[in-house]
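An overview of the molecular structure
Here's the letter readout for the chains.
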Amino acid sequence: MFKQVRAYIPKARGVRFYHSIDHPSSNLIVNPDSIESTILTNSLKHIPKYGFNSYCVTKSIQDLKYPDSIHSVLTSNADGKSLEFQLMLHWLRIQRSKLHEHIMDPASEFHSIENEYERVSYLIKQRLQYNEPIIKKLSYGLSQLSTPYNLSQSLEELHNLSDDIVYYAGDESNDFAWYTKRAGVSSIYVASELYMLSDTSENFKNTKEFVDNRVRGFDGLGGVYNNIEQWGAFNAIGLVNLVKSQWMRG
Amino acid sequence: MSIVSKRLLSSAAPPLEAAAKKFYGDKVSYGSLSKAQKAFLDRVIRVDQAGELGANYIYFGQYTVLATKYPHLKPVLQHMWDQEIHHHDTFNKLQTQRRVRPSILTPLWKVGAFGIGVSTALIGKEAAMACTVAVETVIGGHYNQQLRILMNQYQDIPVYDEHGKEIAEPDMEIKDSPELTSLKDLISQFRDEELEHLDTAIEHDAEKAVPYMLLTEAIKLVCKGAIWTAERV
């Protein structure tokens, strides 16, 4: 019982704080050298067939010709994550690094988009496109993420994704808008992904339209905060001047 | 290609690379920072950004009240305020570039700092200067503390030459990555400027404020509390 209670305490393991310039290996999303990630990355190719199932991991260990006992590398972790959940998280991280590779490619279409919100929209659509090969299996994976026991780590991964998207899109906010934008993108992403699950249109045309509409609706919301602040300051100055003028009249 | 894309694609910043080139040809690369080292840098940038924002708004408050009453103080305040604005802009840029979360209490820091600036200035120009003394003392000490840690706790990062081989005893000039060196230079420069403001405030009769001890100690306490909070949330 105590073990379970302890596992609820959120851990700062995957949190990506501070993006280094001269120490690029500090910024890796997935460490390609670790044995865990070798096994899990190889398991991903079995997902289209078996879904987010621990069988993928078993299969991957056989592919790599590792001894069966190496399972324990993944199952004996201190925070009690199930194999299915680890597989799901790893899949999400790999998709996130794919998105990074995509924007680092100078030839990508992304670089011709000028508007920040259009870039957000493009990135969300790009990320959703990575769901297509496994779309039939995705709802089981998502149910892993929304299990209360796993929720804190899933939300962390979601916010890492929205932080990536907003950063790539060129966000430069220094105040509360920083939080508004990330929360907004997270909620748009979740809504769009759920919409995508039941989307039967050709090439997920409807989902793309849905993303565009939602992002357009969100456009300018970060600015709302700044507008309110400016309005407040304007009125405060006005109030001081009003008091002053009444004071003079006595 | 948009500006943002250009920035993303040319992610490496080369200010000190020239020094490294002198010894090791084109490429010197650095190993990764540990989690604790990253977490500390994250904190440094967040708290310094919030602190400079506060300083900026304190001078804004003082200037609003004092500029018309005491025209001879106008250029003094303007000079200090301009420097704070430069500090604030610099940390704003670092915060977005290094992807550090700004303090969630940013609106509170703005209102609070402006309030301190205005209220001390309303007591009198000596009280405003005493406020500057208190704030700059705490900030100067805090910057020094950060520098101490940046000097001591970042010595174990491996340096690699162009073939990916670790350099056993790297030369002083390449020991620290340009990223860390420039951050340290920045903080020590800002610290010196903050302490200059401290001297300026004492030259302008800060110590004549009544009750000087009570005022400065109270403001110091508030600043320390704000630093503690801004580092964390």
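Predicted, not measured: the structure shown is a model, and the values here were computed from it.

Notes on the UniProt feature "domain: COQ9 C-terminal" (unreviewed entry) in chain A
- Per the UniProt record, "domain: COQ9 C-terminal" (unreviewed entry) is annotated on residues 152-219 of chain A.
- Secondary structure across residues 152-219 of chain A divides into 76% helix and 0% strand, with the first and last C-alpha atoms of the span separated by 28 Å.

A look at the UniProt feature "binding site: Fe cation 1" (unreviewed entry) in chain B
All names here are of chain B.
- Under the local residue numbering, the UniProt record ascribes the feature "binding site: Fe cation 1" (unreviewed entry) to Glu52, Glu84, His87 and Glu194. Spanning 143 residues, the named residues form one tight spatial group whose C-alpha atoms are at most 10.3 Å apart.
- Along the polypeptide, His87 turns up in helix 4 (residues 74-97).
- Taking the relative accessible area as the measure of exposure, His87 reaches 0% and is therefore buried.
- If we skip the residues at most four places from it in the chain, His87 touches Glu52, Phe190, Glu193 and Glu194.
- Turning to its location among the elements, Glu194 is positioned in helix 8 (residues 178-203).
- If we skip the residues at most four places from it in the chain, Glu194 touches Glu52, Glu84, His87, Glu136, Ile139 and Tyr143.

What about the pattern of salt bridges?
- The final tally for this structure, using the stated rule, is 22 salt bridges over all chains.
- Here A:Arg96 makes a salt bridge to A:Glu157, at a shortest N to O gap of 2.8 Å. On the criterion of sequence distance, the pair formed by A:Arg96 in helix 6 (residues 83-104) and A:Glu157 in helix 9 (residues 151-168) is long-range, its members being 61 residues apart. Take A:Arg96 and A:Glu157: they sit in the same class, and that class is buried.
- Taken together, the salt bridges that share partners define one network made up of A:Arg93, A:Arg96, A:Glu116, A:Glu157, A:Asp163, A:Asp164, A:Asp171, A:Lys181, A:Arg182 and B:Arg99.

Comments concerning the packing of helix 9 of chain A against helix 10 (residues 177-197) of chain A
Residues and elements named next belong to chain A.
- Put simply, helix 9 and helix 10 touch, their axes get as near as 9 Å, and they point 115° apart. Relative to helix 10, the element helix 9 is oriented roughly perpendicular. In the crossing of helix 9 with helix 10, the sense of the turn from one axis to the other is right-handed. Side by side, helix 9 and helix 10 meet where Leu158, His159, Leu161, Ser162, Asp163, Ile165, Val166 and Tyr167 of the first sit next to Trp178, Lys181, Arg182, Val185, Ser186, Tyr189 and Val190 of the second.
- When the residues that make up the contact of helix 9 with helix 10 are grouped by side-chain class, the tally is 9 nonpolar, 3 polar and 3 charged.

Structural notes on the packing of aromatic side chains
- Enumeration over the complete set of coordinates arrives at 13 aromatic pairs over all chains.
- Note on B:Tyr63 and B:Trp81: the rings are 5.3 Å apart at their centroids and 45° apart in plane angle, and the pair reads as tilted. In this pair, B:Tyr63 is assigned in helix 3 (residues 35-69) and B:Trp81 in helix 4, connecting sequence segments 18 residues apart.
- One Lys or Arg, A:Arg182, reaches over the ring of A:Trp178 and ends 4.0 Å from the middle of that ring.

Details of the UniProt feature "binding site: Fe cation 2" (unreviewed entry) in chain B
Residue and element names in this part refer to chain B.
- Under the present numbering, the feature "binding site: Fe cation 2" (unreviewed entry) in UniProt falls on Glu84, Glu136, Glu194 and His197. Maximum C-alpha separation among the annotated residues is 11.3 Å over a sequence range of 114 residues, consistent with a single clustered spot.
- Tracing the sequence through the fold places Glu84 in helix 4.
- The buried category is assigned to Glu84, whose relative accessible area is 0%.
- The residues contacting Glu84, other than those within four sequence positions of it, are Glu52, Ala55, Asn56, Tyr59, Glu136, Glu194 and His197.
- Position of His197 relative to the elements: it lies in helix 8.
- Contacts of His197, omitting those with residues within four sequence positions, involve Tyr59, Met80, Gln83, Glu84, Thr132 and Glu136.

Let's talk about the interface of chain A and chain B
- Counting residues at the interface gives 36 residues for chain A, matched by 40 residues for chain B.
- Between the two partners, chain A and chain B, sit 19 residue pairs in polar contact (both at pLDDT 80 or more).
- Contributions of two or more residues to the side of chain A that touches chain B are made by helix 6, helix 9, helix 10 and helix 12 (221-249) of chain A.
- When residues in the side of chain A that touches chain B are grouped by element, the largest group, 4 residues, is from helix 9 of chain A.
- When the residues that make up the side of chain A that touches chain B are grouped by side-chain class, the tally is 16 nonpolar, 9 polar and 11 charged.

Topic: unusual backbone geometry
- With an omega dihedral of -15°, the bond running from B:Val210 to B:Pro211 counts as a cis peptide bond.
- Here B:Pro211 lies in the loop between helix 8 and helix 9 (212-232).
- Even without glycine at this site, A:Phe204 takes up a positive phi of about 55°.
- Of note, A:Phe204 is situated in the loop between helix 10 and helix 11 (205-218).

What counts and what doesn't
Residues numbered from 1 in each chain as written. Chains lettered and ligands numbered in written order. Predicted model: local features only at pLDDT ≥ 70, side-chain atom pairs only at ≥ 80, totals over all residues. Heavy atoms only, no water. UniProt positions renumbered as here; feature names shortened; annotations may be inferred. Helix = DSSP H or I, 4+ residues; strand = E, 2+ residues; numbered from the N terminus. Buried < 20%, exposed > 50% of the residue type's maximum accessible area, 1.4 Å probe, protein only. Contact = heavy atoms within 4.5 Å. Salt bridge = Lys/Arg side-chain N within 4 Å of Asp/Glu carboxyl O. Axes fitted to C-alpha atoms, helices over the stretch in contact; angles between N-to-C directions. Parallel < 35°, antiparallel > 145°, perpendicular 65-115°, else oblique. Left-handed = near helix turned anticlockwise from the far one by under 90°. Nonpolar A, V, L, I, M, F, W, Y, C, P; charged D, E, K, R; others polar. Phe/Tyr/Trp six-rings, centres within 6.5 Å; stacked < 30°, edge-to-face > 60°. Lys NZ or Arg CZ within 6 Å of the ring centre and 35° of its normal. Polar contact = N/O pair within 3.5 Å; in protein donor to acceptor, adjacent residues only side chain to side chain.

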